[in-house]
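Overview (structure and organization)
What follows is each chain in one-letter form.
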Amino acid sequence: MPKRILQGTVVSDKQAKTVIVRVERTFLHPLLRKTVRRSKKYHAHDEAGVKKIGDKVLIQECAPKSKLKRWEVVADQA
């Protein structure tokens, strides 16, 4: 089964080797037919620790690295 890859924005880089990434998704409301935005935050492993707040990144599923980290940063999003 392939690993999921999500695109998001770094919202926190205060922890060592960890960044918090906000991923937004949009969908059409079933009744009102209006576009709705929802976001979710993921803790992602950043081994080099070079990502800063506001950076666009790609995160990929991985084996659990800690209690909250199930994702790792794979690349910058251009």
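This section reports on the structure supplied with the text. Per chain, residue numbering runs from 1 following the sequence as it is written. Totals for whole chains, interfaces and linings use all residues, but because this is a predicted model, local features are given only for residues with pLDDT of at least 70 and pairs of side-chain atoms are given and counted only at 80 or more. Side-chain calculation: all heavy atoms of the structure are included, whereas hydrogens and water are not.

Let us look at the nonpolar core. The biggest cluster of nonpolar side chains holds 10 residues, and these are V10, V19, V21, V23, Y42, A44, V57, I59, W71 and V73. A run of H or I in DSSP counts as a helix once it spans at least four residues, and a run of E counts as a strand once it spans at least two, with each numbered from the N terminus. For this core, the elements supplying multiple residues, two or more each, are β2 (18-28), β3 (35-45), β4 (56-61) and β5 (71-76). Looking at which element gives the most residues to this core, the answer is β2, with 3 residues. Ignoring sequence-local partners within four residues, the contact set of A44 consists of K17, T18, V19, V21, I59, K69, W71, E72 and V73. Each nonpolar core is a collection of buried residues, namely Ala, Val, Leu, Ile, Met, Phe, Trp, Tyr and Cys, held together in the definition by side-chain atoms within 4.5 Å. Only protein chains enter the accessibility calculation, which uses a 1.4 Å probe. A residue is then buried if its area is under 20% of the maximum for its type, exposed if over 50%, and partly exposed in between. In what follows, a contact means two residues having at least one pair of non-hydrogen atoms within 4.5 Å.

Attention now goes to the pattern of salt bridges. In the sections that follow, a salt bridge refers to a side-chain nitrogen of Lys or Arg positioned within 4 Å of a carboxyl oxygen of Asp or Glu. Tallying each qualifying case throughout the model produces 5 salt bridges. E61 is the salt-bridge partner of R4, the closest N and O atoms lying 3.0 Å from each other. With a gap of 57 residues between them, R4 in the segment before β1 (5-12) and E61 in strand β4 connect regions that are remote in the sequence. Here E61 falls in the partly exposed class, since its relative accessible area comes to 25%.

Strands pair, by our definition, only if DSSP identifies at least two bridges between them. Here 5 strands make up a closed barrel; going around it, the order is β1-β2-β3-β5-β4 and the pairing mixed. Taking each pair of neighbouring strands and ignoring which way they run, the sheet shows an average axis angle of 50°. Note that β1 and β2 share 3 bridges and pair antiparallel. Residue pairing in the sheet places T9 in a bridge with R22 of β2. Axes here mean lines fitted to C-alpha atoms, for a helix over just the part in contact, with angles spanning 0 to 180 degrees between N-to-C directions.

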